[in-house]
Amino acid sequence: MKKYMEVIKTANVWILLTAAFLLAALLELCVFQFSYFSQNFGDYNRIELDLSQMAGYNGEALPLLPDNPTVSFDGLSQQVRSVTVRTAGPIQVLSGNIGICDEANAYRTMGAGSFQVNPGGHESAFTVRLHSHGALTRLRINFTEELEEPVFLLSVVLNERIPLQIHGLRLVLMAGLFFAAFCVLRFRLYEAEYCPEKKSHGRMNLLVLAFCLLVSCWILYGGSPSHQYLRPYPSLEELRSPKMVVDAYMQQLDAFEKGQAALDLDVNPALLELENPYDKGERDKKEIAYHWDRAYYNGQYYSYFGLAPLFMVYYPVYWLTGMLPTELLAGTLLSVFAILAVFGAIQGLYQIFRPRANLVLFLLGEAAVVFGSFLYLMQASLSFYYLPLISGVGWLAAFAGFSSFACLRENGMKRMLLFFLAGISVVMLVLSRPNMVILAAAFGAPLFLGVLFDKAMRPGDKLRCALPFLAPVLLGGIGVMYYNQIRFGSVFEFGTAFQLTESDIRYNGLVLSLHHFLSMLYHYFGESFVYTEFFPFLRFTTEKCVDFGNYLYQEYSAGLFQMPLNLGVFLAGLTLGGREKKDSLKRRICWLLLVSILGLGYLDFLLGGIHIRYVCDLSLAVSLMAFLLILGHIHFEGTRSSRILYVITLGLLLLTVSRGWLTIFSNETNAIRQANPDFYLSVAKMFRL
């Protein structure tokens, strides 16, 4: 092993790149294409089953109907190693399984394999490897997914020859990982400390940023098979459709264009006659038609979703093109902004915390923060529900970055500009997710108080720092309160109390309950993914708990500690237990962040419930805090234990990136699977041997 390490440490970069591609190609051929080469061994004859002899055959194909999506072929006597099925039908991912009878199980049909297929797309054929004990006597094809229309079997072939199928994306990713590992070993980057002043470190930082932006653009590409990212201005019929043909932001833009705050939606007069229109049980029992998840107040509908995405994406696109963005395009643009803001926040907070950061941990940790904060999950959900969340993540990061750089800069116009941008960030954060301002206060309060009580600063300089920040905050706050007042008669009501949803939100209030607090810790931090054998290998739990004393909204969720990066928050004990005066600012920020994260989690739990969207309120703050603590306490040093801990940490960061990537394909909406089945299945092939 030492011999190979010495070769790597003296090799030219181009040689390392070539070696990485050769090693990736070797793995591709010897591991992932093993079935292609192994099929030449054994006596397996190709047999195409005669579909025309099956009941229901229409002359071209054998239809499987929604009420009985199963077909069995009996009377077989054949050694088999695979079955290949070509299908036609609806454009959607359908799952199923293959059952067989053979000499070992002549009377019971046993499950032998599973499949996924898109009958109406390019991925309309599937192959399942089989291993019959003796001759196969029966073959059953069963679709486990609920069918809405028939699926047609065009052919069923036993022992079809498997073609050589090199997966380009898998090959490139493996080569990229090998090349990165070779470079780390070649230049001994694992021993280097991050230094932002070095140009080489800056370029590596930009490479990580480019990678994160590329993933976001890849989601944009894969989220729509037609790559149509704009849609015409909706008609009045579309705007008023109770089936949510258009999202809340399109409805709000339409309302503003008509000079009104209320949405232009039909209001069912029967709503006014209900004892409690916010009681879903009463609405359902009396069969009242209404618009789901809109705020209903004084006989009119309003949107309670934050306005920031409207001003950041919808209006600019509308003014430039005369059309409106799809949720996919809106989510992507907001995600690009959020990624840039997160990288800016990391640089600013690094200057504040000044950890002795290991270079490799810093670079990999940056990517882990983006992936581990569920940012790509929010983008890939392709739902307007997540747009204010993405915007909130971006503006929270922007505030942390602007505030850090402002407090570090010397007095002058640039410092005033940074404080002004920090104030703008607070206003935009309120217009995204108002509750996340609690986290902004935790980041900013220690920094701003440090400036305020700095004895070396003159009062005039302090005023020049405060005014640029306070001016947009006060003006924006007045604007937000006025907007709330004209809609709901209260400057502090954003509309969530009046939404027509699962329950009457007005009864959700703050209570001091240790049981509820511990439940929040479990569901928001500890709750596990449900892990599966097949792609995408994980899914969110829908576990229901009924021990809260009353109704609590519960849907798809998982805890933040499912992203291993976030386990780094437990290192806070080492920072908080320190006594050095130079670390006092770090300790204050850590204390406030911990308290605000737990406080906001408890607030969301009581007022909202259990849902991955509420967990996402906390995700960026937890990931940033964990990342900075890891940089401060994990180093590649001379002792064996520190090096083992360093390698374990690298593995956990890579696992965070991997899980964050998988949530693109497994989330609340599973939108990519539904919107572009071929893209989903082509990615799933990466993991198929």
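Further up the page is the structure itself.
Because the structure is a prediction, the values reported are computed rather than measured.

1. Overview of the overall build of the protein chain
Within the protein chain one finds 24 helices and 15 strands. Expressed as a percentage of its 689 residues, the buried residues of the protein chain come to 51%. If you take every contact in the protein chain between residues at least 6 apart in sequence, the share linking residues at least 24 apart comes to 78%. Carbon and sulfur atoms make up 62% of the accessible area of the protein chain, which totals about 32,200 Å². Taking the 53 positively charged and 53 negatively charged side chains of the protein chain as two groups, their mean positions are separated by 14 Å.

2. With respect to helix α24 (residues 677-684)
Judged by how many residues are buried, α24 sits mostly within the fold: 7 of 8 residues are covered. Residues Pro677, Asp678, Phe679, Tyr680, Leu681, Val683 and Ala684 constitute the buried set of α24. On its buried face, α24 is in contact with β6 (110-117), α5 (199-222), α22 (640-662) and α23 (671-675).

3. A closer look at the packing of aromatic side chains
Inspection of the entire model under this criterion finds 51 aromatic pairs. Ring geometry for Tyr36 against Phe37: centres 5.0 Å apart, planes inclined by 80°, an arrangement best described as edge-to-face. A relative accessible area of 24% means that Tyr36 is categorised as partly exposed. For Phe37, a relative accessible area of 40% puts it in the partly exposed group. Arranged with centres 5.8 Å apart and planes meeting at 75°, the rings of Trp218 and Phe665 form a pair that is edge-to-face. Linking Trp218 in helix α5 with Phe665 in the loop between α22 and α23, this pair joins segments that are 447 residues apart in sequence.

4. Side note on empty space enclosed by the protein
Sizing a probe to match a water molecule and rolling it over the atoms shows the empty space that remains. All told, the structure shown has 2 cavities of 30 Å³ or more when counted by the stated rule. A volume near 40 Å³ is recorded for the largest cavity. Looking at the largest cavity, the residues that line it are Ser241, Pro242, Met244, Val246, Gln251, Leu265, His291, Trp292 and Arg294. Around the second largest cavity sit Phe353, Phe443, Ile589, Cys590, Leu593, Met625, Leu628 and Leu629, which together line it. For the lining of the second largest cavity, the secondary-structure elements that each account for two or more residues are α20 (584-607) and α21 (612-633). Along the lines of polarity and charge, the residues of the lining of the second largest cavity split into 8 nonpolar, no polar and no charged.

5. A word on the pattern of salt bridges
If the charged atoms of two oppositely charged side chains come close together, the side chains can form a pair. Overall, the coordinates contain 22 salt bridges when judged by the stated rule. In this structure, Glu668 engages Arg613 in a salt bridge whose closest nitrogen and oxygen atoms are separated by 3.3 Å. Taken together, the residues span a long stretch of sequence, with Glu668 in the loop between α22 and α23 and Arg613 in helix α21 at a distance of 55 residues. Residue classification places Arg613 among the buried positions, given a relative accessible area of 12%. Linked by salt bridges that have partners in common, Arg240, Asp254, Lys258, Asp264 and Asp266 make up one network.

6. As for unusual backbone geometry
Cis geometry marks the peptide bond from Phe535 to Pro536, where omega comes out at 5°. On the secondary structure map, Pro536 appears in the loop between β14 (530-531) and β15 (538-539). The backbone of Asn298 shows a phi angle near 50°, a positive value even though the residue is not glycine. Mapped onto the elements of the fold, Asn298 is located in the loop between β11 (295-297) and β12 (300-302).

7. Concerning the sheet that holds β6
In spatial order, the strands read β3-β8-β5-β6; together these 4 strands make up an open sheet with antiparallel pairing. Two strands bound the open sheet, and with one partner strand each, they are β3 (70-78) and β6. Here the strands of the sheet are splayed against their neighbours by 20° on average, with no regard to which way each runs. Here 7 bridges tie strand β5 (residues 94-102) to β6, and the two strands are oriented antiparallel to one another. Directly across from Leu94, in β6, lies its bridge partner Val117.

8. As for the state of the cysteines
The tally for this structure, following the rule as stated, stands at 0 disulfides. Cysteine Cys590 remains unbridged, with the sulfur of Cys407 as its closest cysteine sulfur at 16 Å. Taking relative accessible area as the criterion, Cys590 reaches 1% and is therefore assigned buried.

9. Concerning the packing of helix α12 (residues 359-372) against α21
Contact geometry for α12 and α21: axes closest at 9 Å, N-to-C directions at 165°. One way to sum up the angle between α12 and α21 is to call them roughly antiparallel. Crossing of α12 over α21 shows right-handed handedness. Of the residues in α21, those touching α12 at Leu361, Phe362, Gly365, Glu366, Val369 and Gly372 are Leu620, Ser623, Leu624, Phe627, Ile630 and Leu631. Looking at the contact of α12 with α21 residue by residue, the classes come out as 8 nonpolar, 3 polar and 1 charged.

10. A few points about the packing of α20 against α21
Between two packed helices, both the angle of their axes relative to each other and the distance between the axes serve to describe the pair. At a closest axis distance of 10 Å, the pairing of α20 and α21 adopts a crossing angle of 160°. Classified by the angle between their axes, α20 and α21 sit roughly antiparallel to one another. Crossing geometry of α20 relative to α21 is assigned as left-handed. On α21, the residues that touch Cys590, Leu593, Leu594, Ile597, Leu600, Gly601 and Asp604 of α20 are Tyr614, Asp617, Leu618, Ala621, Val622, Met625 and Leu629. Along the lines of polarity and charge, the residues of the contact of α20 with α21 split into 11 nonpolar, 1 polar and 2 charged.

11. Here's the deal with the pairing of strand β9 (residues 151-158)
Residues in a regular strand point their side chains to alternate faces of the sheet. Among the 8 residues in β9, 6 count as buried, and that is most of the element. Bridging between strand β1 (residues 47-48) and β9 involves 2 bridges; their strand directions are antiparallel. Residue Ile47 lies in a different strand from β9, and its bridge partner there is Leu158. As paired elements, strand β2 (residues 62-64) and β9 share 3 bridges and run antiparallel to each other. Directly across from Pro63, in β9, lies its bridge partner Phe152. As judged from the 6 bridges shared by strand β4 (residues 82-88) and β9, these two strands associate in the antiparallel manner.

12. Some points on the side chain of Glu28
Take Glu28: it is sitting in helix α2 (residues 13-32). Of note is the side chain of Glu28, whose polar atom sits 2.7 Å from the side chain of Arg170.

13. Brief notes about the environment of Gly168
When you line up the elements, Gly168 lands in helix α4 (residues 168-186). Note: C-alpha distance between Gly168 and Tyr315 (147 residues apart in sequence) is 39 Å.

What counts and how
Every chain is numbered independently, its residues counted from 1 as its sequence is written. Where totals are concerned, whole chains, interfaces and linings use all residues; where local detail is concerned, this predicted model gives features only for residues with pLDDT of at least 70, and gives and counts side-chain atom pairs only at 80 or more. For the side-chain quantities, the full set of heavy atoms in the structure was used; hydrogens and water were omitted. Under the DSSP-based scheme used, a helix requires at least four consecutive residues in state H or I and a strand at least two consecutive residues in state E, with every element numbered from the N terminus. We call a residue buried when its accessible area falls under 20% of the maximum for its residue type, exposed when it is over 50%, and partly exposed in between, using a 1.4 Å probe and counting protein chains only. Residues are treated as being in contact if the distance between any of their heavy atoms lies within 4.5 Å. Here the accessible surface of atoms and residues is derived via Shrake-Rupley with a 1.4 Å probe, and residues count as covered only by protein chains that are part of the display. Charge assignment in this entry is limited to Lys and Arg as positive and Asp and Glu as negative, and neither His nor the chain termini are counted. Every charge is mapped to an atom, namely NZ of Lys, CZ of Arg, CG of Asp or CD of Glu. The criterion for an aromatic pair is that two Phe, Tyr or Trp rings (for Trp, the six-membered ring) have centres within 6.5 Å, with stacked assigned to planes under 30 degrees apart, edge-to-face to planes over 60 apart and tilted to the rest. Cavity means a closed set of points on a 1 Å grid over the protein atoms alone, one where a 1.4 Å probe fits but cannot get out, pocket means an open set with protein on both sides within 12 Å along at least 5 of 7 lines, and lining means a residue has an atom within 4 Å of a point. Grid points are joined across faces, edges and corners, and a volume is the space filled by probe spheres set on the points. Classification used: nonpolar for Ala, Val, Leu, Ile, Met, Phe, Trp, Tyr, Cys and Pro, charged for Asp, Glu, Lys and Arg, polar for all others including Gly. A side-chain nitrogen of Lys or Arg and a carboxyl oxygen of Asp or Glu constitute a salt bridge if their distance falls within 4 Å. Pairing between strands is defined by DSSP: at least two bridges between them are needed. Only the contacting stretch of a helix is used when fitting its axis, a line to C-alpha atoms as for every element, and angles between N-to-C directions run 0 to 180 degrees. Sulfur atoms of two cysteines make up a disulfide when they are within 2.5 Å. Convention used here: angles under 35 degrees read as roughly parallel, angles over 145 as roughly antiparallel, angles from 65 to 115 as roughly perpendicular, and any remaining angle as oblique. By definition, any crossing whose near helix is turned counterclockwise from its far helix by less than a right angle is left-handed, and any crossing with a clockwise turn is right-handed. Two N or O atoms count as a polar contact when they lie within 3.5 Å, although within protein this holds only if one can serve as hydrogen donor and the other as acceptor, and sequence-adjacent residues are included solely when both atoms are side-chain atoms.

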